[in-house]
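Topology and contacts: notes
Here is what each chain is made of, one letter per residue.
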Amino acid sequence: MSARLWPVLAVLALWQAATAAALVPAFVLPPPVQVFETLWRERALIGQHTLTTLAETGAGLLIGIGVGVTLALAMSLAPKLERLIGPLLAGAQALPVFVLAPVLTLWLGYGLGPKVAMVALLVVFPVASGLRDGLATTPEPVLDLARIARASKLRTLIWLRLPHALPQGAAGLRIAVTYAPTGAVIGEWVGASQGLGYLMLMANARMRTDLMFAALLVILALTLALNRLIDRTLARAGL
């Protein structure tokens, strides 16, 4: 058995023991056995909502990564642009996501739009800031070579600075992937008719805590799976 499973099994054992000893009411914390039974029994319903959340997360990730990389490159080429965009990025990140979710829902409606936008907003900052920091720490001897060769700013950025910045950009991407499902779920809490966040709200309203915890486990599994996928992809790329 993998050593990584022992902490999970320990948590499940403590959870089961607490519910078996009636330390916590079942309507507040259902036994893990009941949660897994619900997860299996309602697999079709949960799977349907999982696909919605996965689509929102994937689309938001792609948009957020694209915008983040573009902003980092643009700020590196134009310092004046960095002085303009930098505070806006920091300000958007400083705002609690719950503040942004109702506004995005008002502007974009109750479809996929606001959820994808929420994910993208959470992803842009770590991607842009990580890559920008990496671009700013290119070793001076490398830049001296570019000056001697009279390379343009764009060539220097693409061929010299960007390769040195990739490890820090990868670190920002790992953080962004962790945030991404959270953005989708929060958007679903504010206004949606599909998705795991919506399913949790409906289960809570009907006092179906077993279904709510089942959806929560799926969100956790989705986040861990995305992290694992990105880690393996970056590891294969030598990052």
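Residues numbered from 1 in each chain as written. Predicted model: local features only at pLDDT ≥ 70, side-chain atom pairs only at ≥ 80, totals over all residues. Heavy atoms only, no water.

Quick look at a nonpolar patch on the surface now. Residues L77, L154, I158 and W159 make up a contiguous nonpolar surface patch of roughly 420 Å² in combined accessible area. The element best represented in the nonpolar patch is helix α8 (residues 153-190), accounting for three residues. Residue position: L154 is located in helix α8. The exposure class assigned to L154 is exposed, which follows from its relative accessible area of 51%. (Patch = residues over 30% accessible without salt bridge, like charges linked within 9 Å, V, L, I, M, F, W, Y side chains within 5 Å. Areas by Shrake-Rupley, 256 points an atom, 1.4 Å probe, with all protein chains shown as cover. Salt bridge = Lys/Arg side-chain N within 4 Å of Asp/Glu carboxyl O. Helix = DSSP H or I, 4+ residues; strand = E, 2+ residues; numbered from the N terminus. Buried < 20%, exposed > 50% of the residue type's maximum accessible area, 1.4 Å probe, protein only.)

Before going further, it helps to spend a moment on the environment of L45. Tracing the sequence through the fold places L45 in helix α3 (residues 43-77). Sequence spacing of L45 and L9 is 36 residues, and the spatial spacing of their C-alpha atoms is 26 Å. When residues no more than four places from it in sequence are discounted, the contact partners of L45 are L199 and L211. (Contact = heavy atoms within 4.5 Å.)

Before going further, it helps to examine the nonpolar core. Burial of nonpolar side chains together is a common tendency in soluble globular proteins. Judged by nonpolar contacts, the single largest core of 15 residues is most densely connected at I46, L196 and L199. Elements supplying a minimum of two residues to this core: α9 (196-205) and α10 (209-236). Broken down by element, the residue count for this core peaks at seven residues, all from α10. Aside from chain neighbours lying at most four places away, what touches I46 is T38, L39, L196, L199, L211, A214 and V218. Core analysis: the next-biggest nonpolar cluster, separate from the first, contains 14 residues, L61, V123, A184 and L222 among them. (Core = buried A, V, L, I, M, F, W, Y, C linked by side-chain atoms within 4.5 Å.)

Next up on the list: helix α5 (residues 97-108). Across its twelve residues, α5 extends 16 Å between first and last C-alpha, which sits within 8% of the 16 Å expected from 1.5 Å per residue. For α5, the full list of buried residues reads V97, L100, A101, L104 and T105. Projected down its long axis, α5 carries its buried residues within an arc of 135°, all on one side. For α5, exposure combined with an orientation more than 90 degrees from the buried face picks out L106 and W107. The first or second residue beyond α5 is G109, which carries a positive phi of 90°. (Expected span 1.5 Å × (residues − 1). Arc of directions from axis to C-beta.)

The next point concerns the packing of α8 against α9. With their axes 7 Å apart at the nearest point, α8 and α9 run at an angle of 45° to one another. The pairing of α8 with α9 is recorded here as oblique in orientation. Regarding α8 and α9, the two cross each other, and that crossing is right-handed. Between α8 and α9, the contacting residues are V185, E188 and W189 on the first element and L196, G197, Y198, M200 and L201 on the second. For the contact of α8 with α9, a count of residues per class yields six nonpolar, one polar and one charged. (Axes fitted to C-alpha atoms, helices over the stretch in contact; angles between N-to-C directions. Parallel < 35°, antiparallel > 145°, perpendicular 65-115°, else oblique. Left-handed = near helix turned anticlockwise from the far one by under 90°. Nonpolar A, V, L, I, M, F, W, Y, C, P; charged D, E, K, R; others polar.)

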